[in-house]
Amino acid sequence: MRGLEGRVAVVTGGGRGIGAAVCRRLAEEGAAVAVLDLDPEPAAQVARTLPGAGAYAADAGDRAEVEDVVRRVLARHGRIDVLVPCAGVMRGAPVTEMTDQNWTEVLTSHLTGAFTAVRAVTPAMTAQGYGRIVLISSIAARGIAGHVNYGTAKAGIAGMARSLALELGPHGVTVNAVAPGFIATRMTREGAERRGRTWEEHAAQAAAGIALRRIGTPEDVAAVVAFLAGADAGYVTGQVIHVSGDP
Amino acid sequence: MIVQEFHGAVAVVTGAGSGIGHGVVTALAARGAQVVAADLDPAGLPEAPGIRTVTADVTSPGDVRRVFAAADSLGGADLLVNAAGIAVTRPLLEHTDDDWDRVLAVNLKGSFLCLREAARTMTARRRGSVVNVSSIVSIIASPTPEIAYDASKGGVSQLTRSAAAELGPHGVRVNAVAPGPVPTALYGPPAGAVARNIPLGRLGTVEDIVAPILFLCSTAAAWITGHVLVVDGGRVLR
């Protein structure tokens, strides 16, 4: 399918994990993708394999850096149709042991990062009268022990999607989110290490608790992001789609 | 060019003679599926290569078996879209026992009967995708009085989640779409008045709903199950 031919997408956290899979999928469907990552090397690696893509080293939580990337993307392509802010970190700890830094890093990277990217691309999208913003929430928004910072940030993303859908809908911009479940990424591999388990044990235990009896892949999530970024989801806005293999 | 992403798949679609069901049949057939198109009223059933039409009442277990026998003759159902539905619009105090029974029978029992029949072959083959048609009135109160319809759609949404949990381990996905107001034979709203409540500023079309249904049927949604996907231009946010 080439449903995104002629479209320009900006993906933050695009160097790894779900972000990288989103870059590949959007490019497969024809989009020119701006791969934004704090770490220049993985972003360059992703962009190098994708026709029309460009790598941009920037801190997704820094307003000036993100706005500069948006200016450069607009100068190169003339438009921005799709935004997928994927950047974010996990810093789990029991609530009494969670430091201010743990709290701030997670809230800043996920929530402030998404907000900063949205604010930067919105003028271009509303001027075009067209835009597709796809945020990354998580099933952790329902509650996750030991990660009050992450659960709070991801629930915030759902509220952000709904509020922006109301505000930007009249300008032809849809805003939705996906809520991934347990996905094989560096983030979940680190979770296995913290628990002193092998990855295989950790993944098998997670799969047993999922209705479809397998853990997810970044590609599972990217396929749903591509749906929300495309014409088939033109009447879908303000929604959080659970991509978790489970009701 | 239309991608033949459902080439080789066998689909059963109920309520195929009009509205969303009709749109799903033609879209699936255009993308390569063989479709068993069922409706109580054969008049509107689409005729095209790849479409087998069956006159059937989804509230009749015998009729439902006949629909799936047609799918079995094509190799067995891989996809089921439960789009058959009726609505009665009148105040609660004027709803008759018969109104309640008919609406619940078609919308909720009909979805269950087709789901159960589909699940026989799908679980045996460890693959399959079911999409039910719910409604945003399973989430918000309807602005028009249609108590039986709203209750039936609430039932369809929960049927979706419970069936997903039970059939997931057998490789079968069950999802739903919950459309907002779409002008069809079921629903004829005053367009301007309703569109003002919709953030995207317009009523939905059959195509707006059909595309997400096909997405949920497809491998792009391989790790989505038990989800009720609201397709309403943002109406429920208001």
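What comes next concerns the included structure. Note that this is a predicted model, so its numbers are computed, not measured. (Residues numbered from 1 in each chain as written. Chains lettered and ligands numbered in written order. Predicted model: local features only at pLDDT ≥ 70, side-chain atom pairs only at ≥ 80, totals over all residues. Heavy atoms only, no water.)

**A short note on the pairing of strand S1 (residues 10-14) of chain B**
All names here are of chain B.
Phase 1 of the analysis: Across the 5 residues of S1, 5 count as buried, placing the element largely inside the fold.
Phase 2 of the analysis: Judged by which residues are buried, S1 turns out to be covered on both faces: Val10, Val12 and Thr14 on one side and Ala11 and Val13 on the other are all buried.
Phase 3 of the analysis: Taken together, S1, helix H1 (residues 19-30) and strand S2 (residues 34-39) form a β-α-β motif whose crossover is right-handed.
Phase 4 of the analysis: The pairing of S1 with strand S4 (residues 79-82) spans 4 bridges and is classified as parallel. (Buried < 20%, exposed > 50% of the residue type's maximum accessible area, 1.4 Å probe, protein only. Helix = DSSP H or I, 4+ residues; strand = E, 2+ residues; numbered from the N terminus. Right-handed = clockwise from strand over helix to strand, strands pointing away. Pairing = 2+ DSSP bridges.)

**Details of the interface of chain A and chain B**
Phase 1 of the analysis: Every contact between the two is made by 38 residues of chain A and, on the other side, 36 residues of chain B.
Phase 2 of the analysis: Note on chain A versus chain B: buried area summed over both sides is about 2,800 Å², and carbon and sulfur give 71% of it.
Phase 3 of the analysis: Joining chain A to chain B, the criterion identifies 0 salt bridges.
Phase 4 of the analysis: For the interface between chain A and chain B, the tally reads 7 residue pairs in polar contact (both at pLDDT 80 or more).
Phase 5 of the analysis: Along the lines of polarity and charge, the residues of the side of chain A that touches chain B split into 20 nonpolar, 11 polar and 7 charged. (Contact = heavy atoms within 4.5 Å. Buried area = accessible area lost by both parts, 1.4 Å probe. Salt bridge = Lys/Arg side-chain N within 4 Å of Asp/Glu carboxyl O. Polar contact = N/O pair within 3.5 Å; in protein donor to acceptor, adjacent residues only side chain to side chain. Nonpolar A, V, L, I, M, F, W, Y, C, P; charged D, E, K, R; others polar.)

**Digging into the packing of helix H3 (residues 63-77) of chain A against helix H4 (residues 100-128) of chain A**
Residue and element names in this part refer to chain A.
Phase 1 of the analysis: One way to put it is that H3 packs onto H4 with a least axis distance of 9 Å and a crossing angle of 35 degrees. The two elements H3 and H4 meet at a crossing, and its hand is right-handed. On H4, the residues that touch Arg63, Val66, Glu67, Val70 and Leu74 of H3 are Thr116, Ala117, Arg119, Ala120, Val121 and Ala124.
Phase 2 of the analysis: Within the contact of H3 with H4, the residues separate by chemical class into 7 nonpolar, 1 polar and 3 charged. (Axes fitted to C-alpha atoms, helices over the stretch in contact; angles between N-to-C directions. Left-handed = near helix turned anticlockwise from the far one by under 90°.)

**Here we look at the packing of aromatic side chains**
How two aromatic rings sit relative to each other is set out by the distance from centre to centre and by the angle between their planes.
Phase 1 of the analysis: With the rule as written, the count across this model stands at 2 aromatic pairs over all chains.
Phase 2 of the analysis: Consider the rings of A:Phe182 and A:Trp199, whose centres lie 6.0 Å apart with planes at 20 degrees: the pair is stacked. With A:Phe182 in the loop between strand S6 (173-180) and helix H6 (186-194) and A:Trp199 in helix H7 (residues 199-208), this residue pair connects regions lying 17 residues apart in the sequence. Like A:Trp199, A:Phe182 is buried.
Phase 3 of the analysis: Each ring, one from A:Phe227 and one from B:Phe215, has its centre 3.7 Å from the other, and the planes form 0 degrees; the classification is stacked. You can see A:Phe227 sitting in helix H8 (residues 218-229) and its partner B:Phe215 sitting in helix H6 (residues 206-217), one on each of two chains. Just as A:Phe227 is buried, B:Phe215 falls in that class too.
Phase 4 of the analysis: The lysine or arginine in question, A:Arg7, covers the ring of A:Tyr130, its NZ or CZ lying 3.9 Å from the ring centre.
Phase 5 of the analysis: A cation over an aromatic ring shows up here: A:Arg189 above the ring of A:Trp199, its NZ or CZ 4.4 Å from the ring centre. (Phe/Tyr/Trp six-rings, centres within 6.5 Å; stacked < 30°, edge-to-face > 60°. Lys NZ or Arg CZ within 6 Å of the ring centre and 35° of its normal.)

**With respect to the sheet that holds S6(A)**
Residue and element names in this part refer to chain A.
Phase 1 of the analysis: Here 7 strands make up an open sheet; going across it, the order is S3-S2-S1-S4-S5-S6-S7 and the pairing parallel. The open sheet has two edge strands, strand S3 (54-57) and strand S7 (240-243), and neither has a second partner. Taken pair by pair, the neighbouring strands of this sheet meet at an average axis angle of 20 degrees, ignoring direction.
Phase 2 of the analysis: Summarising the sheet, strand S2 (residues 32-37) and S3 pair through 4 bridges and their orientation is parallel. Its bridge partner being in S3, aspartate 37 is matched across the sheet by alanine 57.
Phase 3 of the analysis: Contacting strand S1 (8-12), S2, strand S4 (82-85) and S6, helix H1 (residues 17-28) runs over the sheet at an angle of about 170 degrees to S1.
Phase 4 of the analysis: H8 contacts S4, strand S5 (131-136), S6 and S7 of the sheet and is inclined by roughly 165 degrees relative to S6.

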